[in-house]
Amino acid sequence: MSLDAITDRLRAAEAAAGRAPGSVCLIAVSKRQPPERVERALRAGHRVFGENYVQEAQAKWPDWQAEYPGVSVHLVGPLQTNKARAAVELFDAIHSLDRPKLARTLARLAQERGACPELFVQVNTGDEPQKAGIPPHEADAFIAECRALDLPLAGLMCLPPAGADSAPHFTELAAIAARNGLTGLSMGMSDDFEAAVAHGATHVRVGSAIFGARD
Ligand SMILES: *Cc1c(COP(=O)(O)O)cnc(C)c1O
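One pass over the structure, following the stated rule, counts two aromatic pairs. Judged by centre distance (4.9 Å) and plane angle (65 degrees), the rings of Trp61 and Trp64 are edge-to-face. With Trp61 and Trp64 both in helix 3 (residues 54-67) and three residues apart, this pair spans about one turn of that helix. Here the two residues Trp61 and Trp64 agree in accessibility, since each one is buried. One aromatic cluster in this structure is built from Phe49, Trp61 and Trp64.

What follows is the structure, given as structure tokens:
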């Protein structure tokens, strides 16, 4: 696979779903990829990337951002509260807002800086005990809490259980977003991004299908 092939498949999925071409944001998840693979995507003109770890992203992205104007980097992995300051300084979007303490910390930093990355609330649609995310039955209350803190909510994110059919999880995430007036849906990865687009994804997070297996 490659960036071109995935972009073609994404355009086809948009067309099949009656969505405008280019309306779904392709986040190329570059965590733990050799730098030459990421540079190939940068040279090809791709500008939206995803990372899972604050420290890894801090080490990689400032130089590339200086060299390639217009790059945006999204945090798609879990965020520890003690890394929140570094995260808001580095990332254009955070897809893992998943608990009240983190919401309060981000709100304080946003006030201090007068700016905040776009935020996606992560919902644990599979109710998996080991996985991050707000349980679905607490999502409405948490979204209201974030809004009371004036946080800029772009939408919702989910990471369906491994090996399960993702479709019901995408449907549930879209329903929670709709009833809360949120338009962004960060869902779909290498194995299921086309299904996610069919269910209304606005952002797909694709790593290995673009770059190959990770280190
Ligand atoms: C690693 C990761 C991805 C990309 O996964 P692939 O299977 O390589 O496409 C997407 N979202 C999150 C949250 C991830 O951690």
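Read on for the rest.
In the region of the ligand, 13 residues are neighbours, and Lys31, Ser190, Gly207, Ser208 and Arg214 sit closest. A distance of 2.5 Å separates an oxygen atom of the ligand from a polar side-chain atom of Ser190. In the environment of the ligand, an oxygen atom lies 2.8 Å from a nitrogen or oxygen atom belonging to the backbone of Ser208. Starting from 390 Å² of accessible surface for the ligand in isolation, the protein chains cover 90%. Because more than half of its atoms lie within 2 Å of the grid, the ligand is assigned to the largest pocket. The class makeup of the residues in the shell around the ligand is six nonpolar, four polar and three charged.

What counts and what doesn't
- For every chain, the first residue of the written sequence is number 1, and numbering continues from 1 onward in sequence order.
- Since the coordinates come from a predicted model, pLDDT governs what is reported: local features require at least 70, and pairs of side-chain atoms require 80 or more to be given and counted, while whole-chain, interface and lining totals use all residues.
- Note that the side-chain values use all heavy atoms of the structure and ignore hydrogens as well as water.
- Aromatic pairing here means that ring centres of Phe, Tyr or Trp (its six-membered ring) are within 6.5 Å. Orientation follows from the plane angle: under 30 degrees is stacked, over 60 is edge-to-face, and everything else is tilted.
- By the criteria applied, helices consist of DSSP H or I runs no shorter than four residues and strands consist of E runs no shorter than two, each listed in order from the N terminus.
- Type-normalised accessible area, obtained with a 1.4 Å probe on protein chains alone, sets the label of each residue: buried when under 20%, exposed when over 50%, and partly exposed for intermediate values.
- Whether a residue is near a molecule or strand depends on its heavy atoms: it is near if one of them lies within 4 Å of it.
- Distance and chemistry together define a polar contact, namely a pair of N or O atoms within 3.5 Å, with one atom able to donate a hydrogen and the other to accept it when in protein, and with adjacent residues in sequence counting only for side-chain atoms on both sides.
- Note on areas: Shrake-Rupley, 1.4 Å probe, and residue coverage restricted to the protein chains presented here.
- Using a grid of 1 Å spacing that covers the protein atoms alone, one calls a set of points a cavity when a 1.4 Å probe fits there but cannot get out, and a pocket when the set is open and has protein on both sides within 12 Å along at least five of seven lines; lining residues are those with an atom within 4 Å of a point.
- Assignment to a cavity or pocket requires that more than half of a molecule's atoms be within 2 Å of the site's grid points.
- Classification convention: Asp, Glu, Lys, Arg as charged; Ala, Val, Leu, Ile, Met, Phe, Trp, Tyr, Cys, Pro as nonpolar; all other residues, Gly among them, as polar.

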